[in-house]
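# Residue-level structure breakdown
Here's the letter readout for the chains.
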Amino acid sequence: MSDKPQQVYIDGEFFHESDAKISVFDHGLLYGDGVFEGIRFYNDRVTCLEEHVDRLFDSAKAIHLEIPASQEEVRNMVVETIKRNQLHDGYVRLVVTRGTGGLGLSPYRCEKASIIIIASTISLYPQEKYDQGLILATCATRRPTHDSLSPSVKSLNYLSNVMAKVEALASGAEEGVMLNTEGYVAECTGDNIFVVKGGIILTPTVASGSLNGITRRVVIDLAIKAGFELKEIQMSRYDMYTADELFLTGTAAEVVPVAQYDKRIIGEGKPGPVTRQLIEDYRNLVETTGTPIY
Ligand code: PXG
């Protein structure tokens, strides 16, 4: 939470943060039944707003949830919420819950989905992590499989990611690597994974069970534009242990280097040249592009 009192958007109205409340009968709370997005804005511009709102609508469609607004209306609500809070750099949490219903699983007893927008500031990792690199560990908790809940749905049910994060922290690491049920690398608990080997950039396919990350896509485009060869592969832990460089991407973390994984030192144990270049390219891009707020 930021130090200034916030104005939170709920279903067409703004509330002071202490009055911003939803029902205990909301299925978002009772069943984790809903979808969300985490969006950043830098220098008075919202990064990839269209892509985030588009993914929100895809997640909603996949769980048969109707968002009671158009994509354009949702984009305008996001911008308006940032304006109301007079913020210039920060983070938006956009949440759509199934809405208020009864004590029963059926979503059809919920009359209308609720839209909640919080605009705040965020700092995920201190600068030293970008200078030195993170420590990762493999988690026992696997990514949900395509035959249960599609890992492409950014749903309000993040318990497996939370449990994986608990495991990573318990083992002394800062982030956890989640595998799919076949044992291939999917992603971290809230970030996508990239390795650099022999000058080629590799990342797990979305079919491996990773979220179709928006930062992932932006970094793939930046890497190709910079002239790197890039491949989406079925990635093993071996590929990560033996990488020259390893880095993560996510809206919150941006591009963050990894120094150590399962006690193996990655490359030289500090951010390599490809990672450093992509950190810089990403920061330049977000500072100069995006939907204007004011
Ligand atoms: N995988 C998972 C499971 C995620 O939740 C990413 C990858 C990266 O995707 P994007 O589209 O952000 O590049 C995410 C996104 C938080 C937080 O509060 C987490 C995310 C985004 C914003 C904030 O920890 N995860």
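Within any chain, residue numbers begin from 1 and follow the written order of that chain's sequence. Given that this is a predicted model, residues contribute local features only at a pLDDT of at least 70 and side-chain atom pairs are listed and counted only at 80 or more, while totals for whole chains, interfaces and linings are drawn from all residues. Think of the side-chain values as coming from all heavy atoms in the structure, minus any hydrogens and water.

## As for the packing of aromatic side chains
Note the cut-off: Aromatic pairing here means that ring centres of Phe, Tyr or Trp (its six-membered ring) are within 6.5 Å. Orientation follows from the plane angle: under 30 degrees is stacked, over 60 is edge-to-face, and everything else is tilted. Using a 1.4 Å probe on the protein chains alone, a residue whose accessible area is under 20% of its type maximum counts as buried, one over 50% counts as exposed, and one in between counts as partly exposed.
All chains considered together, the criterion is met by four aromatic pairs. Geometrically, the ring pair formed by Tyr 9 and Phe 14 is edge-to-face, given 5.5 Å between the ring centres and 75 degrees between the ring planes. Here Tyr 9 matches Phe 14 in class, with each residue buried. Ring centres 5.3 Å apart and planes at 70 degrees place the aromatic pair Phe 36 and Tyr 158 in the edge-to-face group.

## Structural notes on the site of the ligand
We count it as follows: Any residue with a non-hydrogen atom lying within 4 Å of a molecule or strand is treated as near it. The definition of a polar contact used here is a pair of N or O atoms within 3.5 Å, where within protein one atom must be able to donate a hydrogen and the other to accept one, and adjacent residues in sequence count solely through side-chain atom pairs. Each accessible area is a Shrake-Rupley estimate made with a 1.4 Å probe; only the visible protein chains count as cover when residues are assessed. For helices the rule is a DSSP run of H or I covering at least 4 residues; for strands it is a run of E covering at least 2, with both sets numbered from the N terminus onward. Gly is placed with the polar residues, together with every amino acid not listed as nonpolar (Ala, Val, Leu, Ile, Met, Phe, Trp, Tyr, Cys and Pro) or charged (Asp, Glu, Lys and Arg). As used throughout, domain bounds are those supplied by an automatic or database domain assignment.
The ligand sits among 19 residues. The nearest are Tyr 158, Glu 187, Ile 214, Thr 215 and Thr 251. The separation between a nitrogen atom of the ligand and a polar main-chain atom of Gly 190 is 3.3 Å. Note that an oxygen atom of the ligand is positioned 2.4 Å from one of the side-chain N or O atoms of Thr 251. Burial of the ligand by the protein chains amounts to 88% of its free accessible area of 550 Å². Secondary structure elements with two or more residues in the shell around the ligand: β5 (90–97) and α6 (214–225). For the shell around the ligand, the residue count by class is five nonpolar, eight polar and six charged. Summarising the domain contributions, the shell around the ligand has at least three residues from each of domain 1 (7–120) and domain 2 (127–288).

## Things to note about empty space enclosed by the protein
What counts, and what does not: Each cavity reported here is a set of points on a 1 Å grid over the protein atoms alone in which a 1.4 Å probe fits but cannot get out, each pocket an open set with protein on both sides within 12 Å along at least five of seven lines, and each lining residue one with an atom within 4 Å of a point. Grid points are joined across faces, edges and corners, and a volume is the space filled by probe spheres set on the points.
For the structure on display, the rule yields two cavities of 30 Å³ or more. The calculated volume of the largest cavity comes to roughly 60 Å³. Considering each element in turn, the lining of the largest cavity owes the most residues, three residues, to α6. In terms of residue class, the lining of the largest cavity is made up of four nonpolar, four polar and one charged. Composition of the lining of the largest cavity by domain shows at least three residues from each of domain 1 (7–120) and domain 2 (127–288). Broken down by secondary-structure element, the contributors of at least two residues to the lining of the second largest cavity are β13 (245–250) and β14 (254–261). Looking at the lining of the second largest cavity residue by residue, the class counts come to five nonpolar, two polar and three charged.

By themselves, these observations are geometric and do not establish any function.
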